[in-house]
Amino acid sequence: MDIKGTVALITGGASGLGAATAKRLFDAGASVVLVDLPQSAGDAYAAELNASGPGSGPGSGAGELAPRAVFAPADVTNESQVQAAVDAATSMGPLRIVVNCAGIATPGKVLGRDGVLPLENFTKVIQINLVGTFNVIRLAAAAMVETEPVSTELGGPERGVIINTASVAAFEGQIGQPAYAASKGAVAAMTLPLAREFARSLIRVTTIAPGIFETPMMAGLPQAAQDSLGQQVPHPARLGRAAEYANLAAHIVENAMLNGETIRLDGAIRMGLK
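Residues numbered from 1 in each chain as written. Predicted model: local features only at pLDDT ≥ 70, side-chain atom pairs only at ≥ 80, totals over all residues. Heavy atoms only, no water.

Here the focus is the sheet that holds strand β9 (residues 160–165). What the seven strands build is an open sheet, ordered β3-β2-β1-β4-β9-β10-β11; its pairing is parallel. Strands with a single pairing partner mark the edges of an open sheet, and in this sheet they are β3 (69–73) and β11 (262–265). Averaged over neighbouring strand pairs, the angle between their axes works out to 20° when direction is ignored. Two strands pair when backbone bridges link them, and strand β10 (residues 203–210) and β11 are joined in this way by four bridges, in the parallel orientation. Paired with Ala209 across the bridge in β11 is Arg264. The strands touched by helix α2 (residues 42–52) within the sheet are β2 (31–36) and β3, with β3 carrying the most contacts at an inclination of about 170°. (Pairing = 2+ DSSP bridges. Helix = DSSP H or I, 4+ residues; strand = E, 2+ residues; numbered from the N terminus. Axes fitted to C-alpha atoms, helices over the stretch in contact; angles between N-to-C directions. Contact = heavy atoms within 4.5 Å.)

So this is what it looks like as C-alpha cells:
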C-alpha cells in the first residue's frame, strides 16, 4: 500500500520508536496523528514535523495549508480518549495505518528484596502494554472498515495495516520481566487471530519484536551499560536505532504479503537469564 496520502495513527508517537515512525511516514507523504500522554512533547514534535514539510490542504486562513501532523493526547487504556484520537485521524483523511508503540517496561521480580511483587505492579504493565494496544486496535479497526479499499502496487485491494510492538522478551524473557514478557508475549499471540479476523475487511495485522534499542528508557542507563548491552548483539554489535524500526514499519505498510506475522528486529540476539 502506498504511504502517500494516507493517515497514520501512532501511539507513543512523541518519543522513541513512535516518534521515528511518525517522521518516516510523514516524510513519505502520510498525515500523522501522534497519540501520547498529555505531559509528553507531542505538541512540540507535531510542530517540528509540520515545519519540515508542506501541509495537506486548505487551512483556516487565506493561503494556509492544514497541518499534516497533529497531537492527540490520550492514555491508550482510556476508551474515550483513544476514540477522540481516532476521530481526529479520520477527520484528516482515510485512516489506513496504525502503529502501536506505547508501552512501559517496569521490571520486578516476583519475590524481590522488598517482598512479593504487588499485584497492581503486574496489572499496570499488562493494562498498558496489552489492553492498551487492544483498545487502540479495536477502535481504529472500526474506523478502517469504513474506508474505501485502495489497490496495491502489485494488485489487490487493501484498506489498512495495523502494526503492533512486542519485544524479544516475549520469547526470551529475563529474570525480573514476568509482567513485561507476559504483556509482549500476548501482543505477539493475538497477531495471527486478528489478522485472520480482519482479512475479510482487507486489513493486515503484523507485530514487530525489537531487541535492544536506543529509546528514552534505555537512555536512562549509564553509557557504559548501554555499550555493554550493545556488545551482546551478534551483528551489528550495537543498540538498534529507532530509524531501523521505522524503516521496517514503512516496509510492512508497502509490502502487502506481510500479514499475521511477528517479525524479530534484533541483530540475532537471544537474551540470557538476566
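There's more to say after this.
Time to look at empty space enclosed by the protein. Tallied over the entire structure, the rule returns one cavity of 30 Å³ or more. Empty space within the largest cavity amounts to approximately 70 Å³. Lining the largest cavity, in full, are Thr106, Pro107, Gly108, Leu117, Asn121, Phe122, Val125, Gly176, Gln177, Pro178, Ala179 and Tyr180. Looking at the lining of the largest cavity, the elements with two or more residues in it are α4 (119–144) and α5 (178–189). Of the residues contributing to the lining of the largest cavity, the split by class is seven nonpolar, five polar and no charged. (1 Å grid on protein atoms, 1.4 Å probe; cavity = no way out; pocket = protein on both sides within 12 Å on 5 of 7 lines; lining within 4 Å. Points joined across faces, edges and corners; volume = space filled by probe spheres on them. Nonpolar A, V, L, I, M, F, W, Y, C, P; charged D, E, K, R; others polar.)

We now examine the side chain of Thr6. Locating Thr6 in the fold gives a position in the segment before β1 (7–11). Relative accessible area serves as the criterion here: at 4%, Thr6 is assigned to the buried category. (Buried < 20%, exposed > 50% of the residue type's maximum accessible area, 1.4 Å probe, protein only.)

The subject of this paragraph is the packing of helix α1 (residues 16–27) against α2. Interaxial distance between α1 and α2 falls to 11 Å at its minimum, and their mutual angle equals 25°. Considering their axes alone, α1 and α2 lie roughly parallel with respect to each other. Considering the relative orientation of α1 and α2, their crossing is right-handed. Here α1 contributes Ala19, Ala20, Ala22, Lys23 and Phe26 to the contact with α2, which in turn contributes Tyr45, Leu49, Asn50 and Ser52. (Parallel < 35°, antiparallel > 145°, perpendicular 65-115°, else oblique. Left-handed = near helix turned anticlockwise from the far one by under 90°.)

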